[in-house]
Amino acid sequence: MEPQRSPLLEVKGNIEVKRPLVKAPSRLPLPGSRFKRGPDQMEDALEPEKKRTRGLGTAPKIATSRPRAPALTTVPQTQGQTAAPKVPKKTGPRCSTAIATAAAPPMLGGKKPSKRPAWDLKGQLCDLTAELKCYRERTQTLDQENEQLRDQLREAQQQATVLGAERRTLEGELARVQAQAEQGQQELGNLSARVLELEERLGTQESLVQELQKEQLGLQEERRGLATRLEEQERRLQTSEAALSGSQAEVASLRQETVAQAALLAERGERLHGLEMERRRLHNQLQELKGNIRVFCRVRPVLPGEPTPSPGFLLFPSGPGGPSDLPTRLSLSRSDERRGTLSGAPAPPTRHDFSFDRVFPPGSGQDEVFEEIAMLVQSALDGYPVCIFAYGQTGSGKTFTMEGGPGGDPQVEGLIPRALRHLFSIAQELGGQGWTYSFVASYVEIYNETVRDLLATGTRKGQGGECEIRRAGPGSEELTVTNARYVPVSCEKEVEALLHLARQNRAVARTAQNERSSRSHSVFQLQISGEHAARGLQCGAPLSLVDLAGSERLDPGLALGPGERERLRETQAINSSLSTLGLVIMALSNKESHVPYRNSKLTYLLQNSLGGSAKMLMFVNISPLEENVSESLNSLRFASKVNQCVIGTAQANRK
């Protein structure tokens, strides 16, 4: 460090080199450590205190009514001297600025005092003492002002706190006022809508009042008219009262007549019931006179594309009454090329004559065929079991006779839909006499001695193994087919739907004689139940309509493939069941003790419709073609045997 020099040597050096005093700071000791710096240095020392004072006033400036103390820009004069002006701050060293400020003597009377010589240290000390005193006074003034500012700051902060609370209060009040304003606006909108609604209702009420006024005028007019009519009615009432006395005597006489008519009606009801019973008895007697086993023969017409038979192949001789009699005979001629005369000429054709209960030539329609069996069908309503079946070779028209042709043409409807329509009609007529009837239908087929349900739907289609023929209950004579559908029917549309479903499920195949041949026996059974509740009478009987399978003989020398073997098995099963049917009919005719019903599923199912208490009708269907003459002769011979059978008197199933 540089050795400390004496202040006198320094003043001397300044005089010699003529350098200003500012360059060499004075090293004179001053009393008190706080006053060792110049005025600017003291001001700089006071600067942090001012900054601290300003730091306390970070709150926003608030105007108050209290006057702010003036800024101290000058130092008050002391001992006739004027305080030195504040020298602006420089960016140089703080010590240089302080020395330069201290070197400036105080001004007296606005004039610059003369510079003391360097050796006049006492004068300089006096000047500095005076200046220090000025600064002390200035400091006191600044402290007072600072204290005033702090008081003002505290007051301002208190006012700010109060104003903040007032502001928050006013903000809350403003929010409430705004909410009230919005609510008032909403209520105003609601009131406006309500006013519009009330105006509309007022308009409506006004129009309604006008209408009511008009209606009131009309009612007044009507009231006057009614008053006039009332007067007229009163006059008529008086007239009627006069006539009433005369009518009462007439009513008394009519009541007596009504009692008499009721007695007569009851008597006639009894008589009508007796007549109905007599009708049923005579009807049954008529059917018995015709035979409990009747055979009808029907010849189908020649179809398009088939050869026309020779003129003498089929003949229908007239009865004893001439052409007006219904045909009952048929004559079929057959020529045998293997036979010849001695002269070598071919032998004349052999003629075969057959006689049945009725013969239907090829031109006979479905309505004509049904008309002949309508009375027999009606016997089922009277409680007699009825069985009608069609027999014949394949392609002879059995299915057409029983079910009808395709397309839904009413002219070609078969016996099944016609029979049910007839039964529904007669049952409705008998309903007027107190009878109520219910009908339950089932439709099965017997294919290769297996029973199948033709009314099965869904996954049960074609599943014949599940159907078996069983007794309805212990000790019951009624037979039923297990797992078969029994559908209640009451109208023709329901029957048509069942027939349509059965056609889709029935087993058919192509054969040598028919493109679409039925390879199974189809059995349509209708269980009829009747009741007369007033008299406690009940009756029930089945109506069986059977379409037997067609048969054809296979050539023994023909090579049989898988399809032909299947047809052969079908033909064997069909012929076996048809043979059993013939044996059952013969056993019934001969009154044998044992009737082989169980030899075939067909005869076992029809057991109750073939016995002595049943009425049976067989249609034998034949083809008009000469190529089928052998099969036609076999069918006609079988039908003739059946026609010669006589079964005991039928009995109605009544309770």
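Our structure's up above, just so we're on the same page.
Note that the coordinates shown come from a computational prediction; the quantities given were computed from them, not determined experimentally.

## Points about the overall build of the chain
For the chain, the helix and strand inventory stands at 12 helices and 16 strands. By residue count, 35% of the 655 residues in the chain fall in the buried class. For the chain, the exposed surface amounts to about 39700 Å²; the carbon and sulfur share of it is 54%.

## Things to note about the packing of aromatic side chains
Tallying each qualifying case throughout the model produces 8 aromatic pairs. The interplanar angle of 80° and the centroid separation of 5.6 Å between the aromatic rings of F296 and F619 together place this pair among those described as edge-to-face. A residue pair is termed long-range when its members are at least 10 positions apart, and F296 in strand β1 (residues 293–299) and F619 in strand β16 (residues 615–622) qualify at 323 residues. Accessibility assignment for this pair places F296 and F619 in one class, buried. With a centroid separation of 6.4 Å and an interplanar angle of 10°, the aromatic rings of F354 and F356 are classed as stacked. Take F356: its relative accessible area is 4%, and that puts it in the buried class. What links up through ring pairs into an aromatic cluster is the set F296, F360 and F619.

## So, the side chain of E413
With respect to the helices and strands, E413 occurs in the loop between α6 (398–403) and α7 (415–431). Looking at E413, the relative accessible area reads 14%, which means it is buried. Contact partners of E413, with chain neighbours within four places excluded, come to Q366, G404, R418, R421 and E496.

## Examining helix α8 (residues 492–505)
In this model α8 runs 20 Å from its N-terminal to its C-terminal C-alpha over 14 residues, within 8% of the 20 Å that 1.5 Å per residue would give. Those residues of α8 lying buried are V495, L498, L499, L501, A502 and N505. Along the axis of α8, the buried positions cluster into a sector of 165°, meaning they face one direction only. Projecting away from the buried face of α8 at angles above 90 degrees are the exposed residues K493 and Q504. In this fold, the buried residues of α8 make contact with α7, β7 (435–447) and β11 (487–489).

## Some thoughts on the environment of P349
Position of P349 relative to the elements: it lies in the loop between β3 (329–334) and β4 (350–355). When the C-alpha positions of P349 and L332 are compared, they lie 9.7 Å apart, and in sequence the two are 17 residues distant. Apart from the residues within four sequence positions on either side, P349 is in contact with S333, R334 and S335.

The rules behind these values
Residues numbered from 1 in each chain as written. Predicted model: local features only at pLDDT ≥ 70, side-chain atom pairs only at ≥ 80, totals over all residues. Heavy atoms only, no water. Helix = DSSP H or I, 4+ residues; strand = E, 2+ residues; numbered from the N terminus. Buried < 20%, exposed > 50% of the residue type's maximum accessible area, 1.4 Å probe, protein only. Areas by Shrake-Rupley, 256 points an atom, 1.4 Å probe, with all protein chains shown as cover. Phe/Tyr/Trp six-rings, centres within 6.5 Å; stacked < 30°, edge-to-face > 60°. Contact = heavy atoms within 4.5 Å. Expected span 1.5 Å × (residues − 1). Arc of directions from axis to C-beta.

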